[in-house]
Structures are given as C-alpha cells and as structure tokens.
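# Observations on the model geometry
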Amino acid sequence: MLSKLRVNFFSRFDVKLTIFYTFALLLISLILSSFFYYRLQHNLLKQIDRILKDEAKELILEIEEDNHVVKGCKEFFGDISYRVFYPVFFRVMTHDGVTLWESENFSTILSKGIKGREHFTVTVDHRKKKRYRIYEKRFTFNDQGPFVAQMATNTKRSDKILENSLLNIFSAIPVVFLLSLCFGMYISQKPRKTLRNITAVTKKITSQNLAERLPLPPGQDEIRDLTLTINFMLDNIESSFDEVRQFTADVSHELRNPLSAVKGEIEVAVSRKRDAADYLETLHNCLERIDDLIKMVNDLFLISCFDAKKYDLKLSRINLAELLGEMYDFFLPIAQEKNIQFVIERCDTVFASVDRHKILQLLSNLMDNAVKFTPENQSITLSLIEHSHEVELDVSDSGIGIPEGNLENIFKRFYQVDPSRSGDERGAGLGLHICKRIAEVHGGSIAATRNTTKGVTFTVRLPLN
Ligand SMILES: Nc1ncnc2c1ncn2[C@@H]1O[C@H](COP(=O)(O)OP(=O)(O)O)[C@@H](O)[C@H]1O
Ligand SMILES: [Mg+2]
C-alpha cells in the first residue's frame, strides 16, 4: 500500500520549500533594490538642487559686489565655465520678463516663464535628449530690482548613475535567482532527509521488530522534537507489546499448572480399578483445582475490564466499619486455625460512596494474603481510620514480610516474591494487582510498607467524597 504511493515532483515537500524560498528571497531582493534605487535617485536630485542653490547665491553675491547685473553675470560666467560634471547655465531677468543676461541658448532649455517665487522644475530637451533641473529665485540688490535668476544644469551624470544602478540590479536578478535556488535547496534538504529517514525507519517497524529507533538529528529544532516524540511513541508501543507478550506467557503458564494437575489426578484414577471412595477423593481434588482455575479466569476477566475501562462501578453509600466487620467474621475462624491473634485495633464509623462488592474483594484479597503469609501464633491487626478527606484502611501482620527490593513490584500482575513461600496455597499473583486497580477506580491508592519488627502493612486510602 505504502510503496504504491508516488509523489509528483511538484508535490514534493523539498521542491515546494525550494520554490517558496526562491521566490521569497527574490521578492525581498527586488523590494530592497527598489528601495535603494529610489533613495539614490532622491539623494542625487538633492545634490543637484544644492549645487543650483549655491550657484545662485554666488551669482547674486557677484552682482551685488559689482553693483551691476550684466557685469556680475559675466564675471560669474567666467567662474563657472570650466564645470564638467554639472555644467551650470543661467539667465537673469527683470521681474516682468526682460532678459538682462543669459548663457548661450538658455531659452532652448527654458522658455521665458517666470513664476516669481523660489522653486525647482524639470524640463526635457527632446532634441538633444537631455533633462534639465532648473532653480528660480527672485532677488534684489542695493535697492535695485526685483530681478529673477534662473539656474539650470543637465542631469546627465545623475541619470547615468541611475541607469547604471538599474542595469546592475537587472543583471543581478539571475545571480540572486540562482543563489536563492541553491539556498532553498540547501535549506529544504535537512527536513527532507529527516522525513525520508522517518519513512525508512517506520517502514522497518513491525510487531517483530519494535527495537528500531530514529537517529536524533543535531540542533534543537522542531525536527528534533518530532524525532524525539516518535521515538518516545515507539518506546511506549514496544513496552505495551512486551506487556502483552509477557501477559500471554504468564496466563498460559498459570493455566497449564492446574490443568496438568487435573489431568494427573484423572490419569492416576483411571490407571487401575479403584473403589468409590478413591474416585470421590479424585473428584474432590479436581474440583478444587477447577475452582482455582475459575477464580483465576474471573480475576483475569476483571483485569481486562479495568484495562478496557469497562468496569461497572455500582456506587452506594456504605458503612465501611460494617464491611470490615463482615470480613473480620469471615476470616476469624481461618486465623484461629493457625492460632493467629486476629484483632481490630481501631474502627471508626465511616460512610463512603463505594462499590460494595469490589471493596469486599479488596479486603478479602488483603486478609487472605495476611493469613496466608503469617505463620502460627503470630498476629494480624486491622484498623479503619477516618481523616478529613479520606479514609485509611490498614491490614498489618507480623508474618514473613516482603524483602525491600520486591516492594515496588508486588502490585504488578502475576508478580510473586517467591512462589515457594506460598506453600500449598500458591496463587497466581493477581490479588494485589486487583486490589490496586479497585483502589484506583475509587480514586484512591494502596501502598505496602515493611513493619519495623516483622511483617508488612498494607494501607488503602479512599476519598470520602
Ligand atoms: N501479607 C503479606 N506478607 C508477605 N508477603 C505478601 C503479603 N501479601 C502479598 N505478599 C507477596 O506478594 C505476592 C503477590 O501477592 P498476590 O498478588 O496476592 O498474589 P498471590 O497471593 O496469588 O501470590 C505474594 O506472592 C507474596 O509473595
Ligand atoms: Mg493473594
């Protein structure tokens, strides 16, 4: 199914990214170039305007010094005639438009227009294909006037500079395009490589090969985050698979033992002719084994319901002291058989909203263990204590105890400290796990602590509301 997936060239992730980066970089370069071009144009014009203004000032000073318009103009003309980059042309007129002096052919640059106020204009000489910038200024000197001075210069040099820069911009476009393309390809390589890695590794992962992990890319980016998340997910899947495998192995192991025992009993019974009492004993033994089997299958079913969150909690307001009393009465004769001192140390009257049947099962599992793992002439103590928000239920014994290293595992399914410790009454190691699940579905918890002298105390905490 996966191998049939053909990715169209333009749908490819890296191609899309490259195209995106290329156009983004190209656009940015164009915007920046336009911005610098207009700045350059603006600055060049400002420079020309400054020159024209300075020259007009010079001209007026010259006229003032000579106290004569034409004389001043001639002298000024002598000063400016050598200008190469920005050749200056000028004309001086009376305020009503009579020309007093003008540079050669000034009228071809600008016809006799007077605005009568300081301003700049641009004209184009189409014949010579030249652009001119013109500055006009009104002035008086030594109580004479008003006069009008018009200064002009062609913008050939600045136009050339602008033209060159425009040419540079256009010739840079293919270079920028190529560079952007390379950059885009380089940038999109890393995510593409990682995606290919992810695809390659995930294709290799099957239920038989869950140990495979993605190599961690360097850096601290989202790709590393994604890789870590996928690896974390694979860790979880692997441990879930391991749990399921272990569970299946444990279940088959635990089922095989009682079934083999039943088979053995029957085989011995039928190996030769026996009397009725022998057969009856065999049937009793078989029945006991089958009871164990049924209990285990029921426990497994309950655990699977907890796993699938399909447990049906029938909550009702229950007097826990009464429940404890009921269990005490049930286990008292069994404890007495072993001459165990079985006492309720403290029993507060506490009402809580619980599933009666499940709490009975929890208490029964704990007391069954206590009696099972407490040798003769020892003691078991029960207590029910009400706290402000929760109720605490303790089952403490002075029995064989649990080694420190095993405490953290005893609530795992099928876990047994050492099966030989249970003697004939060997269980399947499901009891404490069920206790834990029952406490948890009630919003509570269960913990085991080693007693300072001997034995162990199981503490169940259930919320009161
Ligand atoms: N009161 C106790 N004293 C000592 N060991 C205990 C006690 N309760 C439980 N254990 C240990 O914890 C293990 C798990 O208990 P449990 O889940 O009830 O399984 P099972 O009773 O079927 O063996 C037991 O095998 C036993 O070794
Ligand atoms: Mg048990």
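All figures in this text were calculated on a predicted structure; none of them were measured in a lab.

## Quick word on the pairing of strand β12 (residues 456-463)
By the criterion of burial, β12 is predominantly enclosed, with 6 of the 8 residues buried. Strand direction decides the pairing type here: strand β10 (residues 390-397) and β12, joined by 7 bridges, are antiparallel. Looking at β12, one finds that Val391 is bridged to Leu462. The pairing of strand β11 (residues 445-450) with β12 spans 6 bridges and is antiparallel. Looking at the pairing, Ala447 lines up with Thr459 of β12. What sits between the antiparallel neighbours β11 and β12 is a turn of 5 residues, in which Gly455 has the positive phi angle 80°.

## Re helix α6 (residues 276-307)
Residues spaced three or four apart along an α-helix face the same direction, because each turn holds 3.6 residues. An ideal rise of 1.5 Å per residue puts 46 Å on 32 residues; α6 measures up with 46 Å between its terminal C-alpha atoms. Residues of α6 that are buried: Thr282, Cys286, Leu293, Met296, Asp299, Leu300, Leu302, Ile303, Cys305 and Phe306. Buried residues in α6 make contact with α5 (222-271), α8 (356-372) and α9 (431-441). Of the residues one or two after α6, Lys309 is the one with positive phi, at around 55°.

## Let's talk about the pattern of salt bridges
Within the structure shown, the criterion is met by 20 salt bridges. Between Asp307 and Arg413 there is a salt bridge, with the nearest N and O atoms lying 3.1 Å from each other. On the criterion of sequence distance, the pair formed by Asp307 in helix α6 and Arg413 in the loop between β10 and α9 is long-range, its members being 106 residues apart. Classification of Asp307 as partly exposed rests on a relative accessible area of 38%. Assessed through its relative accessible area of 22%, Arg413 is described here as partly exposed. Between Glu390 and Arg461 there is a salt bridge, and its shortest N-O distance comes to 3.1 Å. Placement of the pair is Glu390 in strand β10 and Arg461 in strand β12, with a sequence separation of 71 residues. Three or more residues are tied together by salt bridges with common partners; here these are Arg213, Asp235 and Glu238.

## Structural notes on the environment of Thr155
Take Thr155: it is sitting in the loop between β5 (144-154) and α4 (156-204). Sequence-wise, Thr155 and Tyr86 are 69 residues apart; in three dimensions their C-alpha atoms are separated by 7.4 Å. Not counting chain neighbours up to four residues away, the residues in contact with Thr155 comprise Ile48, Arg131 and Arg133.

## Side note on the sheet that holds β12
Strand order in the open sheet formed by 5 strands is β7-β9-β10-β12-β11, and the pairing between neighbours is mixed. The open sheet is flanked by β7 (341-347) and β11, the only strands paired with a single partner. With direction set aside, neighbouring strand axes in the sheet form an average angle of 15°.

## Quick word on the packing of aromatic side chains
Enumeration over the complete set of coordinates arrives at 16 aromatic pairs. Ring plane angle 65° and centroid distance 5.5 Å describe the contact between Phe35 and Phe36, whose orientation is recorded as edge-to-face. For Phe35, a relative accessible area of 48% puts it in the partly exposed group. Judged by relative accessible area, Phe36 falls into the exposed class, the value being 53%. Between the aromatic rings of Phe411 and Phe458, the centroid separation amounts to 6.3 Å while the plane-to-plane angle is 85°, which identifies the pairing as edge-to-face. Of this pair, Phe411 sits in the loop between β10 and α9 while Phe458 is found in strand β12, placing the two residues 47 residues apart along the sequence. For the pair Phe411 and Phe458, a shared accessibility class is recorded, and that class is buried. Three or more aromatic residues link up through ring pairs in this structure, and these residues are Phe76, Phe77, Phe90 and Trp101.

## Comments concerning the nonpolar core
Ranked by size, the top nonpolar core spans 53 residues in total, and within it Leu366 and Phe458 carry the most contacts. Counting contributing residues per domain, this core is built from domain 2 (222-307) and domain 3 (315-463), each supplying no fewer than three. Ranked by size, the runner-up nonpolar core spans 21 residues in total, among them Ile48, Leu59, Phe90 and Ala149.

## Details of the side chain of His433
Along the chain, His433 turns up in helix α9. Polar contacts involving the side chain of His433 include one to the main-chain carbonyl oxygen of Phe411, which spans 2.9 Å.

## Comments concerning a negative patch on the surface
Taken together, the side chains of Asp54, Glu58, Glu64, Glu65, Glu75 and Asp79 make up a negatively charged region of the molecular surface. Secondary structure elements with two or more residues in the negative patch: α1 (13-66) and α2 (69-80). Top contributing element to the negative patch by residue count: α1, with 4 residues. Inspection of the secondary structure assignment puts Glu58 in helix α1.

## Details of the packing of α8 against α9
In a packed pair of helices, the relevant descriptors are the angle between the two axes and the axis-to-axis distance. Two elements in contact, α8 and α9, have axes whose closest approach is 9 Å; the angle formed by their N-to-C orientations is 145°. As for the relative orientation of α8 and α9, their crossing is left-handed in sense. Contacts between α8 and α9 involve Lys358, Ile359, Gln361, Leu362, Asn365, Leu366 and Asn369 from the former and Gly431, Leu432, Ile434, Cys435, Ile438 and Ala439 from the latter. Tallied by class, the residues present in the contact of α8 with α9 amount to 8 nonpolar, 4 polar and 1 charged.

## Points about the sheet that holds strand β4 (residues 130-141)
Pairing between the strands of a sheet comes from backbone hydrogen bonds, and it takes one of two forms, parallel or antiparallel. Here 5 strands make up an open sheet; going across it, the order is β2-β1-β5-β4-β3 and the pairing antiparallel. Among the strands making up the open sheet, the edge pair consists of β2 (99-102) and β3 (119-125). Going across the sheet, the axis of each strand differs from the next one's by a mean of 20°, ignoring polarity. By the bridge criterion, 7 bridges tie β3 to β4 in an arrangement that is antiparallel. Across the sheet, residue Phe120 finds its bridge partner in β4, namely Tyr135. α1 rests against β1 (88-94), β3, β4 and β5 of the sheet, and its axis sits at about 35° to β4.

Criteria and cut-off values
- Residues numbered from 1 in each chain as written.
- Chains lettered and ligands numbered in written order.
- Predicted model: local features only at pLDDT ≥ 70, side-chain atom pairs only at ≥ 80, totals over all residues.
- Heavy atoms only, no water.
- Buried < 20%, exposed > 50% of the residue type's maximum accessible area, 1.4 Å probe, protein only.
- Helix = DSSP H or I, 4+ residues; strand = E, 2+ residues; numbered from the N terminus.
- Pairing = 2+ DSSP bridges.
- Expected span 1.5 Å × (residues − 1).
- Contact = heavy atoms within 4.5 Å.
- Salt bridge = Lys/Arg side-chain N within 4 Å of Asp/Glu carboxyl O.
- Axes fitted to C-alpha atoms, helices over the stretch in contact; angles between N-to-C directions.
- Phe/Tyr/Trp six-rings, centres within 6.5 Å; stacked < 30°, edge-to-face > 60°.
- Core = buried A, V, L, I, M, F, W, Y, C linked by side-chain atoms within 4.5 Å.
- Domains from an automatic or database assignment.
- Polar contact = N/O pair within 3.5 Å; in protein donor to acceptor, adjacent residues only side chain to side chain.
- Patch = residues over 30% accessible without salt bridge, like charges linked within 9 Å, V, L, I, M, F, W, Y side chains within 5 Å.
- Areas by Shrake-Rupley, 256 points an atom, 1.4 Å probe, with all protein chains shown as cover.
- Lys, Arg positive; Asp, Glu negative; His and termini not counted.
- Charge placed at Lys NZ, Arg CZ, Asp CG, Glu CD.
- Left-handed = near helix turned anticlockwise from the far one by under 90°.
- Nonpolar A, V, L, I, M, F, W, Y, C, P; charged D, E, K, R; others polar.

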